[in-house]
Amino acid sequence: MELQALPPRIGQVRRIVSAQLRYWHMDTLIDRASLGVTELLSNVHRHAQPDKTCTVELEVLLDRLKVSVHDHDPRLPVVGDAAPLATCGRGLAMVAAMSESWGALPDGESGKVVWFTLPASPAAPVADWDHCPRIITGEHAVHRFAEVTLVEHAVEEHRSEPAPARSAVVG
């Protein structure tokens, strides 16, 4: 489901991302993931045309977290060269600096996806998997790692319901 990249909604998405990462026991990634998703949604709010609708997706990929924002504007973002006193224009540079990798790809006939990855903390395992993940090969040469889709959901020892390994923020 899609959401509107409006300032009050961006704050709500940031809280949802934080809650999901706590649920996955990835607390060490909350600050950087929240910063990154805020910057990407702010770019949708500021630049996307014809509308401000987008989708945020969180994925656990092997030993990293991938955060993606899909919107309907086919123009790919460009890292700006902000002047020292400029009040904007540094968002993608911050995403690049705080993430392990990032990129932007065309998404179908119209739109794009902008993503970044963060390394998962080896000290805090994401979850104990009941089954091995299934590797999905993609056509995106930009990715430096294989994407995984879990065949079975992770189950925490103290919870009876399954923990999702992939989440999309709904509007």
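Residues numbered from 1 in each chain as written. Predicted model: local features only at pLDDT ≥ 70, side-chain atom pairs only at ≥ 80, totals over all residues. Heavy atoms only, no water.

### Let's talk about the packing of aromatic side chains
Summed over the entire model, instances satisfying the criterion amount to 0 aromatic pairs. Seen from the ring of Trp115, Lys66 lies directly overhead, with NZ or CZ sitting 5.5 Å from the centre. (Phe/Tyr/Trp six-rings, centres within 6.5 Å; stacked < 30°, edge-to-face > 60°. Lys NZ or Arg CZ within 6 Å of the ring centre and 35° of its normal.)

### As for the pattern of salt bridges
Any two side chains of opposite charge can pair if their charged atoms end up close together. Counted according to the given criterion, the structure contains 4 salt bridges. One salt bridge connects Asp71 with Lys112, and the closest N-O pair in it is separated by 3.0 Å. You can see Asp71 sitting in strand β3 (residues 64–71) and its partner Lys112 sitting in strand β5 (residues 112–119), a full 41 residues away along the chain. Exposure remark for Asp71: the relative accessible area of 6% places this residue in the buried category. Look at Lys112 and you get buried, because its relative accessible area is 7%. Taken together, the shared-partner salt bridges in this structure form one network comprising Asp63, Arg64 and Glu100. (Salt bridge = Lys/Arg side-chain N within 4 Å of Asp/Glu carboxyl O. Helix = DSSP H or I, 4+ residues; strand = E, 2+ residues; numbered from the N terminus. Buried < 20%, exposed > 50% of the residue type's maximum accessible area, 1.4 Å probe, protein only.)

### Quick word on helix α1 (residues 7–23)
The first and last C-alpha atoms of α1 sit 25 Å apart over 17 residues, in line with the 24 Å expected at 1.5 Å per residue. What α1 keeps buried is the set Arg9, Ile10, Gly11, Val13, Val17, Ser18, Gln20, Leu21 and Tyr23. Following α1 by one or two positions, His25 adopts a phi angle in the positive range, close to 60 degrees. (Expected span 1.5 Å × (residues − 1).)

### Some remarks on the side chain of Ser18
One can find Ser18 in helix α1. The class for Ser18 is buried, based on a relative accessible area of 10%. Apart from the residues within four sequence positions on either side, Ser18 is in contact with Ile30 and Ser34. (Contact = heavy atoms within 4.5 Å.)

### Remarks on the nonpolar core
A general trend in soluble globular proteins is that nonpolar side chains are found buried together. Within the largest apolar cluster, 31 residues are counted, with the highest numbers of intra-cluster contacts made by Leu21, Trp24, Met26, Val37, Leu41, Leu65 and Val69. Secondary structure elements with two or more residues in this core: α1, α2 (30–47), β2 (53–61), β3, α3 (91–98) and β5. Discounting residues that sit within four places of it in the chain, Val37 has contacts with Val13, Val17, Val56, Val67, Val69 and Phe116. (Core = buried A, V, L, I, M, F, W, Y, C linked by side-chain atoms within 4.5 Å.)

### Remarks on the pairing of β2
Burial analysis of β2 places 9 of its 9 residues in the buried class, the great majority of the element. Both faces of β2 are covered, namely the face carrying Thr53, Thr55, Glu57, Glu59 and Leu61 and the face carrying Cys54, Val56, Leu58 and Val60. Summarising the sheet, strand β1 (residues 3–4) and β2 pair through 2 bridges and their orientation is antiparallel. Looking across to β2, one finds that Gln4 is bridged to Thr53. Strand direction decides the pairing type here: β2 and β3, joined by 8 bridges, are antiparallel. In the strand pairing of β3, Leu58 is matched with Val67. (Pairing = 2+ DSSP bridges.)

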